[in-house]
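Analysis of the macromolecular model
Residues per chain are reported as follows:
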Amino acid sequence: MFISKKLREENIAEYLLYMWQTEDVIRAYDCYLPALRRNYISMFECSDSERDELTDWFSNLIRMMTEEGCREAGHLQINKVVLISLSDLHHQLLDSKKFPFYTAEYYKVLPYIVELRSKGDKEINEIETCFDALYGVMILKLRKQEISQETQRAISEITTFIGMLADYYKKDKTEGLEFD
């Protein structure tokens, strides 16, 4: 919870990946708060009141995952909204002539997006495809599995692209962006 608040303010892309990981942590404990509290929350070095806050946060996430039908798979609506906001901003940036560096980076990444979509879910938007790739590689790294050179190259480009989008998101929230 404390990390998510900080990330949401500083880097929306890292926030979204963190929240997806949090969803998976909750699923790993079968959405069962006592096990999550005993085996996961207890590992955090924090005060008792902070631990209670953290427990409440996880409890609320579990409740939302249950109500929204994403206990087994999928993402919480709060995370989907962030993804939609990023996708909307992505289209605004592409439609404007004021962001040529963003557009150039998009066209650099587009072949990777096309390839990923051909192998995966064609129904999700390009930004979610990028996040799926980033999250997938993050999980591979956590499992200490090998990542091919080609995948590393693609992830490097996607990281740069999503980083630019996250920077524009923050700038839009703090200063406001002017489109054509």
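Read on for a plain summary of the structure. (Residues numbered from 1 in each chain as written. Predicted model: local features only at pLDDT ≥ 70, side-chain atom pairs only at ≥ 80, totals over all residues. Heavy atoms only, no water.)

Of the regular secondary structure elements, the protein chain holds eight helices and zero strands. Its helices and strands in sequence order give the protein chain the pattern α-α-α-α-α-α-α-α, from N to C terminus. Considering only C-alpha atoms, the protein chain reaches an extent of 50 × 40 × 30 Å along its principal axes. Across the 180 residues of the protein chain, 41% fall into the buried class. Taking as baseline every contact in the protein chain between residues at least 6 positions apart, the subset at least 24 positions apart corresponds to 68%. (Helix = DSSP H or I, 4+ residues; strand = E, 2+ residues; numbered from the N terminus. Buried < 20%, exposed > 50% of the residue type's maximum accessible area, 1.4 Å probe, protein only. Contact = heavy atoms within 4.5 Å.)

On to the layout of surface pockets, then. Considered as a void within the structure, the largest pocket measures approximately 210 Å³ in volume. Taken together, Tyr112, Glu115, Leu116, Lys119, Ala133, Val137, Glu150, Thr151, Ala154, Ile155 and Ile158 form the lining of the largest pocket. Taken together, the elements giving at least two residues each to the lining of the largest pocket come down to α6 (100-119), α7 (126-142) and α8 (149-174). Broken down by element, the lining of the largest pocket gets its largest block of residues, five residues, from α8. (1 Å grid on protein atoms, 1.4 Å probe; cavity = no way out; pocket = protein on both sides within 12 Å on 5 of 7 lines; lining within 4 Å. Points joined across faces, edges and corners; volume = space filled by probe spheres on them.)

This next bit is on the packing of aromatic side chains. The geometry of an aromatic ring pair is captured by the separation of the ring centres together with the interplanar angle, meaning the angle of the planes. What the rule picks out here adds up to 12 aromatic pairs. Taking 6.3 Å as the distance between ring centres and 45 degrees as the angle between the ring planes, the aromatic pair formed by Tyr29 and Tyr40 counts as tilted. On the criterion of sequence distance, the pair formed by Tyr29 in the loop between α2 (12-28) and α3 (33-39) and Tyr40 in the loop between α3 and α4 (48-67) is long-range, its members being 11 residues apart. The partly exposed category is assigned to Tyr29, whose relative accessible area is 22%. Ring geometry for Phe99 versus Phe179: centroids 5.6 Å apart, planes at 55 degrees, classification tilted. Taken together, the residues span a long stretch of sequence, with Phe99 in the loop between α5 (77-95) and α6 and Phe179 in the segment after α8 at a distance of 80 residues. Taking relative accessible area as the criterion, Phe99 reaches 7% and is therefore assigned buried. Taking relative accessible area as the criterion, Phe179 reaches 23% and is therefore assigned partly exposed. (Phe/Tyr/Trp six-rings, centres within 6.5 Å; stacked < 30°, edge-to-face > 60°.)

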